[in-house]
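Descriptive structure summary
Take a look at the letters that make up each chain.
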Amino acid sequence: MTSQLITRRNALIGTGGLLLAGCDRITASPTVKRVLTLGEKATMSAQRLVTDRHALAPEFTRADLSPVFRVNGTRSPNDGGYAAHVANGFADWRLEVGGMVAKPSRFSLANLRAAPARTQITRHDCVEGWSAIGEWSGVPLGLLLRQVGLSGNARYIVFHCADTLEGKPYYESIDMVDAFHPQTILAHSLNRQPLSIGHGAPLRLRVERQLGYKQAKYVMRIEAVAALDGIAGGKGGFWEDNRGYQWYAGI
Ligand SMILES: Nc1nc2c(c(=O)[nH]1)N[C@H]1C(S)=C(S)[C@@H](COP(=O)(O)O)O[C@H]1N2
Ligand SMILES: [Mo]
């Protein structure tokens, strides 16, 4: 059974309301509460840490769009039936959402496209020394997590991708502050066109406060977990496991 994500038609509240609800959930999390309490007591730095994590990444205008948005890393996955999905236009593709959620769900691309979308023009910064400005549209991750009933004990969201590098599955993970950040979206469009294969069709993560390698392309499955040590090399992502990259790649 394919679940129906809230659509524009059946939405009771607009994106603003849902995003606000997302913020409430962050403030309710035990970790954030603890840090906020610390901040109240004494440490300006703890307070600043929380404030900074919630701040928005700069947004740009259409005049700033890069004429070419480079493709980096995997250009077209060879794995896991991806070619078959391309061949039929992702009609049978489903985003699986599971782990620590009340309602494990599968969403079609049509449903994700019909859901309330956020559009943002942001700069992507790759550690290899290039940047590009693009206009991304997609479903706020917080909205989707609220819909599937994320457990209060979940601490990380893991993104499992279709591709492998060096024979290892590409994956990434973020914490709940980023998961519910208003600019964290599951993007289905770049520059008002459906995502190309090079840029991660049919769905990729945009987590705008972090570097390029966190922007998982070809997202097939999302998993809510309490800890990262049980997954692959245990450090929360392909580059973290295999190259010693920082898990939190804040910009
Ligand atoms: N699944 C997957 N996601 C990925 C990668 C990859 O190889 N596979 N490369 C990462 C890196 S290092 C960068 S800079 C960006 C590149 O995104 P782009 O190809 O849309 O420019 O995707 C990131 N996400
Ligand atoms: Mo990158």
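Above: the structure in question.
These lines cover the structure that appears in this document, whether it is placed above or below. (Residues numbered from 1 in each chain as written. Chains lettered and ligands numbered in written order. Predicted model: local features only at pLDDT ≥ 70, side-chain atom pairs only at ≥ 80, totals over all residues. Heavy atoms only, no water.)

Our next topic: the overall build of the protein chain. On a plain count of helices and strands, the protein chain comes out with eight helices and 10 strands. For the protein chain, the proportion of its 251 residues judged to be buried stands at 51%. Counted over contacts in the protein chain with a minimum sequence separation of 6, partners at least 24 positions apart contribute 70%. Here the protein chain has roughly 11700 Å² of accessible surface; of this, 55% comes from carbon and sulfur atoms. (Helix = DSSP H or I, 4+ residues; strand = E, 2+ residues; numbered from the N terminus. Buried < 20%, exposed > 50% of the residue type's maximum accessible area, 1.4 Å probe, protein only. Contact = heavy atoms within 4.5 Å. Areas by Shrake-Rupley, 256 points an atom, 1.4 Å probe, with all protein chains shown as cover.)

L95, L141, L144, I157 and F159 are the most contacted members of the largest nonpolar core, which has 54 residues in total. Per-element accounting of this core gives the leading share, five residues, to strand β5 (residues 156–165). Residues contacting L144, with those up to four places away along its chain left out, are L5, L95, V97, F107, L112 and L186. V158, V225, L228 and I231 belong to the second-largest nonpolar core, a separate cluster that totals six residues. (Core = buried A, V, L, I, M, F, W, Y, C linked by side-chain atoms within 4.5 Å.)

We now examine the layout of surface pockets. Taken as a whole, the second largest pocket holds about 330 Å³ of empty space. Within the residue set of the lining of the second largest pocket, elements represented by two or more residues are β3 (118–126) and β5. Of the residues belonging to the lining of the second largest pocket, the class tally is 12 nonpolar, eight polar and five charged. (1 Å grid on protein atoms, 1.4 Å probe; cavity = no way out; pocket = protein on both sides within 12 Å on 5 of 7 lines; lining within 4 Å. Points joined across faces, edges and corners; volume = space filled by probe spheres on them. Nonpolar A, V, L, I, M, F, W, Y, C, P; charged D, E, K, R; others polar.)

Applying the stated criterion across every chain, the model contains 10 aromatic pairs. Seen from their ring centres, F69 and W130 are 6.4 Å apart, and the 90° between their planes marks the pair as edge-to-face. Placement of the pair is F69 in the loop between α3 (44–54) and α4 (82–87) and W130 in strand β4 (residues 130–140), with a sequence separation of 61 residues. Across the pair, W130 and F69 agree in class, each one buried. (Phe/Tyr/Trp six-rings, centres within 6.5 Å; stacked < 30°, edge-to-face > 60°.)

To continue, consider unusual backbone geometry. Along the chain, A201 connects to P202 via a cis peptide bond; the corresponding omega equals 0°. Residue placement: P202 occurs in the loop between β8 (193–194) and β9 (204–206). The phi dihedral of R192 is positive, around 65°, even though this residue is not glycine. Its location among the elements puts R192 in the loop between β7 (185–190) and β8. On the basis of relative accessible area, R192 is assigned to the exposed category, the value being 53%. For A232, which is not glycine, the phi dihedral falls at a positive 45°. In this fold, A232 is placed in the loop between β10 (219–225) and α8 (238–243).

On to the site of ligand 1, then. Near ligand 1, the surroundings consist of 21 residues, among which R70, N72, D163, H199 and K217 are the closest. The separation between an oxygen atom of ligand 1 and a polar main-chain atom of R70 is 2.6 Å. One of the side-chain N or O atoms of K217 is found 2.6 Å from an oxygen atom in ligand 1. With the chains in place, 99% of the 530 Å² that ligand 1 exposes on its own is no longer accessible. Structurally, ligand 1 is housed in the second largest pocket. Among the residues forming the shell around ligand 1, the class breakdown is nine nonpolar, eight polar and four charged. (Near = heavy atom within 4 Å. Polar contact = N/O pair within 3.5 Å; in protein donor to acceptor, adjacent residues only side chain to side chain. Sits in = over half its atoms within 2 Å of the grid points.)

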